[in-house]
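So you can see what is in the structure, the chains are spelled out below.
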Amino acid sequence: MQTAELEIYMKVCSGDQKAFEQFFRHWFPVLKAFCNAYVKDDCLAKDIVQESFIELWKRKNTISKPASLASYLFTIVKNRCFKEIESRRAQLNIGQRKDEEFLKNEVDYFIDSMTSLDMICIAEQRKAVAEIIRNLPDQSRKVVVMKVSEKLTCKQIASLLNLSTRTVENEYFRAVKAIRDKVRKLCLI
């Protein structure tokens with residue numbers, strides 16, 4: 001992250017409206033496209049993103065790490081998208097089997113709407129992230145793989161690796177931070 005960008009993020013967190021406007025203008029189109037990929041409705045995507053910026057502004061004083069402001073905003077948007085999709089499912093009042101089929105159809109639709117270039121980019125991103133994970137220190141790599149791929153809890157991982165739960169949590173945190181930093185340097189996000 002560049003210092004100018006971090007400066008804007010810090011100003012946003014301290015309540016600077018001009019910095020927030022600049023942050024909004026920069027991230028709104030990106031977030032709207034991101035949201036639209038989930039909800040498939042341009043007007044709804046616009047509303048969700050605007051509401052997410054409002055929520056971010058309300059919470060600005062509680063954000064302890066200004067450098068993660070954009071990630072925080074993406075999380076807000078993603079969670080609102082999931083709530084919207086869940087709400088649509090509830091309105092359809094469909095059973096469990098049909099629900100799974102509905103979700104599969106949504107995923108299929110999203111994949112079908114992707115271009116070949118999109119798929120190539122995603123494949124390249126996955127390869128790059130896999131390479132970053134392969135190059136992590138042995139213990140960090142094991143923790144990440146067990147937590148993400150095998151979906152184990154920190155307590156379960158600690159038991160399997162004969163470590164304390166806190167050590168596993170710290171190892172995972174450091175590994176994720178290292179992965180994020182390297183991904184940003186490669187401009188994958």
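Details of the structure are given in the entry above.
Each chain has its residues counted from 1, following the order in which its sequence is written. The predicted origin of the model limits local features to residues at a pLDDT of at least 70 and limits the giving and counting of side-chain atom pairs to 80 or more, whereas totals for whole chains, interfaces and linings rest on all residues. In computing side-chain values, all of the structure's heavy atoms are included and hydrogens and water are not.

Some words on helix 3 (residues 42-59)
Then step 1. Starting at the N terminus, helices and strands are each numbered in turn, a helix being any DSSP run of H or I of at least four residues and a strand any DSSP run of E of at least two. One less than the number of residues in a helix, times 1.5 Å, gives the span that helix is expected to have. Here helix 3 contains 18 residues, and its C-alpha end-to-end distance of 26 Å stays within 8% of the 26 Å for a straight helix at 1.5 Å per residue.
Then step 2. All of the buried residues along helix 3 are Leu44, Ala45, Ile48, Val49, Ser52, Phe53, Glu55 and Leu56.
Then step 3. Any N or O atom pair separated by 3.5 Å or less is treated as a polar contact, with the protein-specific requirement of one donor-capable and one acceptor-capable atom, and with residues adjacent in sequence counted only for side-chain atom pairs. A side-chain oxygen of the first residue of helix 3 lies 3.1 Å from the backbone nitrogen of Cys43; this N-cap is Asp41. Under the scheme applied here, a residue whose accessible area is under 20% of the maximum for its type counts as buried, over 50% as exposed, and between as partly exposed, the area being computed with a 1.4 Å probe on protein chains only.

Let's talk about the packing of aromatic side chains
Then step 1. Two rings from Phe, Tyr or Trp (for Trp, the six-membered ring) form a pair when their centres are within 6.5 Å of each other. A pair whose planes differ by under 30 degrees is stacked, one over 60 is edge-to-face, and the rest are tilted. In the structure shown here, the tally under the stated rule is ten aromatic pairs.
Then step 2. With a centroid separation of 4.6 Å and an interplanar angle of 65°, the aromatic rings of Phe24 and Phe53 are classed as edge-to-face. Taken together, the positions of Phe24 in helix 2 (residues 17-39) and Phe53 in helix 3 put the pair 29 residues apart, joining distant regions of the chain.
Then step 3. Its relative accessible area of 26% is what places Phe24 among the partly exposed residues.
Then step 4. Ring geometry for Phe34 and Phe74: centres 5.0 Å apart, planes at 75°, overall edge-to-face. Of this pair, Phe34 sits in helix 2 while Phe74 sits in helix 4 (residues 69-92), and the two are 40 residues apart along the sequence.
Then step 5. Accessibility expressed as a relative area gives 25% for Phe34, which makes it partly exposed.
Then step 6. Site record: aromatic cluster; members linked through ring pairs are Tyr9, Phe20, Phe23, Phe24, Phe28, Phe53 and Trp57.
Then step 7. Think of it as a cone above the ring: NZ of Lys or CZ of Arg counts as a charge over the ring if it is within 6 Å of the ring centre and within 35 degrees of the ring normal. Across from the ring centre of Trp57, 4.2 Å away, lies the NZ or CZ of Lys60, which sits over that ring.
Then step 8. Taking the ring centre of Tyr172 as reference, the NZ or CZ of Lys147 above it sits at 5.5 Å.

A word on the nonpolar core
Then step 1. Judged by nonpolar contacts, the single largest core of 25 residues is most densely connected at Phe23, Cys35, Phe53, Leu56 and Leu69.
Then step 2. Put simply, the parts of the chain that give this core at least two residues each are helix 1 (3-13), helix 2, helix 3 and helix 4.
Then step 3. In terms of residue count, helix 2 provides more of this core than any other element does, eight residues in total. In this text, buried Ala, Val, Leu, Ile, Met, Phe, Trp, Tyr and Cys residues form a nonpolar core when linked through side-chain atoms within 4.5 Å.

Examining the packing of helix 7 (residues 138-149) against helix 9 (residues 165-185)
Then step 1. Inter-axis angles, ranging from 0 to 180 degrees, are taken between N-to-C directions of lines fitted to C-alpha atoms, where helices are fitted over the stretch in contact. Packing of helix 7 against helix 9 leaves a shortest axis separation of 9 Å and a crossing angle of 95°. When the axis of helix 7 is compared with that of helix 9, the two are roughly perpendicular. Within the contact between the two elements, helix 7 uses Gln139, Ser140, Val143, Val144, Lys147 and Val148 and helix 9 uses Thr167, Val168, Glu171, Tyr172, Ala175 and Ile179. Just so you know how the angles are binned, under 35 degrees is roughly parallel, over 145 roughly antiparallel, 65 to 115 roughly perpendicular, and the rest oblique. Contacts were defined at the residue level, with two residues in contact if any of their heavy atoms lie within 4.5 Å.

A word on the packing of helix 7 against helix 8 (residues 154-161)
Then step 1. Where helix 7 contacts helix 8, the axes come no closer than 10 Å and their chain directions differ by 135°. Our classification of the angle between helix 7 and helix 8 gives oblique. For the element pair helix 7 and helix 8, the recorded crossing hand is right-handed. Contacts from Lys142, Val143, Met146 and Lys147 of helix 7 reach helix 8 at Cys154, Ile157, Leu160 and Leu161.
Then step 2. The classification used treats Ala, Val, Leu, Ile, Met, Phe, Trp, Tyr, Cys and Pro as nonpolar, Asp, Glu, Lys and Arg as charged, and all other residues, Gly among them, as polar. Residue classes in the contact of helix 7 with helix 8 are distributed as six nonpolar, no polar and two charged. Throughout, a crossing is termed right-handed when the near helix is turned clockwise from the far one, and left-handed when it is turned anticlockwise from it by less than a right angle.

Section: helix 1
Then step 1. All buried positions along helix 1 are accounted for by Ile8, Tyr9, Val12 and Cys13. All buried residues of helix 1 fall inside an arc of 135° around its axis, so they share one side.
Then step 2. Looking one or two places after helix 1, you find Gly15, whose phi comes out positive at around 100°. The arc in question is formed by the directions pointing from the helix axis toward the C-beta atoms.

What to know about the pattern of salt bridges
Pairs can form between side chains of opposite charge whenever their charged atoms are close.
Then step 1. Each reported salt bridge corresponds to a side-chain nitrogen of Lys or Arg within 4 Å of a carboxyl oxygen of Asp or Glu. All told, the structure shown has eleven salt bridges when counted by the stated rule.
Then step 2. Note that Arg141 is salt-bridged to Asp138, the shortest N-O span being 2.5 Å. Taken as a pair, Arg141 and Asp138 lie in helix 7 at a separation of three residues, close to a single helical turn.
Then step 3. The exposure class assigned to Asp138 is partly exposed, which follows from its relative accessible area of 40%.
Then step 4. One connected set of salt bridges, linked through shared partners, spans Glu51, Glu55, Arg59 and Arg80.

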